[in-house]
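Here's the letter readout for the chains.
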Amino acid sequence: MPGVRVKEEEPFESVLKRFKKQCEKAGSFRKSASVEHYEKPSVKKKKKTLAARKRALKKLKKMAR
């Protein structure tokens, strides 16, 4: 579990930002999201191909400019 030491007179926002960054590096949020519900392998594959297709279209649009 990530932990953050609070320095004297440090604003709460910066402490929270550091904590979130550490949690993201540790992968805590991604793990909890993936464990939250089960997805069939076929559904995962469809989502993955759809995301790849979107990325490719976005790349094409960017190159056309």
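How each quantity is defined
- Counting restarts for each chain: residues are numbered from 1 in the order of the written sequence.
- Only residues with pLDDT of at least 70 get local features here, since the model is predicted, and only at 80 or more are side-chain atom pairs given and counted; chain-wide, interface and lining totals rely on the full set of residues.
- Only hydrogens and water are set aside; all other atoms, that is, all heavy atoms of the structure, feed into the side-chain values.
- Salt-bridge detection follows one rule: a side-chain nitrogen of Lys or Arg within 4 Å of a carboxyl oxygen of Asp or Glu.
- Strands here mean DSSP runs of E at least two residues long; helices mean DSSP runs of H or I at least four residues long; both are numbered from the N terminus.
- By the criterion applied in these results, polar contacts are pairs of N or O atoms within 3.5 Å in which, for protein atoms, one can donate a hydrogen and the other can accept it, and in which residues neighboring in sequence qualify only through two side-chain atoms.
- Per-residue confidence from the predictor is reported as pLDDT, which spans 0 to 100.
- Throughout, exposure labels follow a simple rule: accessible area from a 1.4 Å probe, protein chains only, divided by the maximum for the residue type, with under 20% read as buried, over 50% as exposed, and the rest as partly exposed.
- Each patch is built from residues lacking any salt bridge and having more than 30% relative accessible area; the joining distance is 9 Å for like charges and 5 Å for nonpolar side chains (Val, Leu, Ile, Met, Phe, Trp, Tyr).
- Per-residue and other accessible areas follow the Shrake-Rupley method at a 1.4 Å probe size, with only the shown protein chains counted as cover for residues.
- The charge count treats Lys and Arg as positive and Asp and Glu as negative. His and the chain ends do not count.
- Lys charges are placed at NZ, Arg charges at CZ, Asp charges at CG and Glu charges at CD.

(A) Representation of the pattern of salt bridges. One pass over the structure, following the stated rule, counts two salt bridges. For the salt bridge of R18 with E10, the shortest nitrogen-to-oxygen distance reads 3.0 Å. For E39, the salt bridge identified is with K47, shortest N-O distance 2.5 Å.

(B) Structural context of the environment of T49. With respect to the helices, strands and loops of the structure, T49 is situated in helix α3 (residues 41–64). There is a polar contact of 2.9 Å between the side chain of T49 and the backbone oxygen of K46.

(C) Local environment of the confidence of the model for the chain. Summarising the model, the chain shows a mean pLDDT of 86, and 86% of its residues fall at 70 or more. By mean pLDDT, helix α2 (residues 28–36) is the weakest element of the chain at 67, and α3 is the strongest at 94.

(D) Seen up close, unusual backbone geometry. At E9, a residue that is not glycine, the phi angle is positive and equals roughly 55°. Along the chain, E9 turns up in the segment before α1 (12–26). By relative accessible area, E9 is classed as exposed at 81%.

(E) Spotlight on a positive patch on the surface. Among the surface-exposed residues, K58, K61, K62 and R65 lie close enough to one another that they form a single positively charged patch. Residue placement: K62 occurs in helix α3. Looking at K62, the relative accessible area reads 64%, which means it is exposed.

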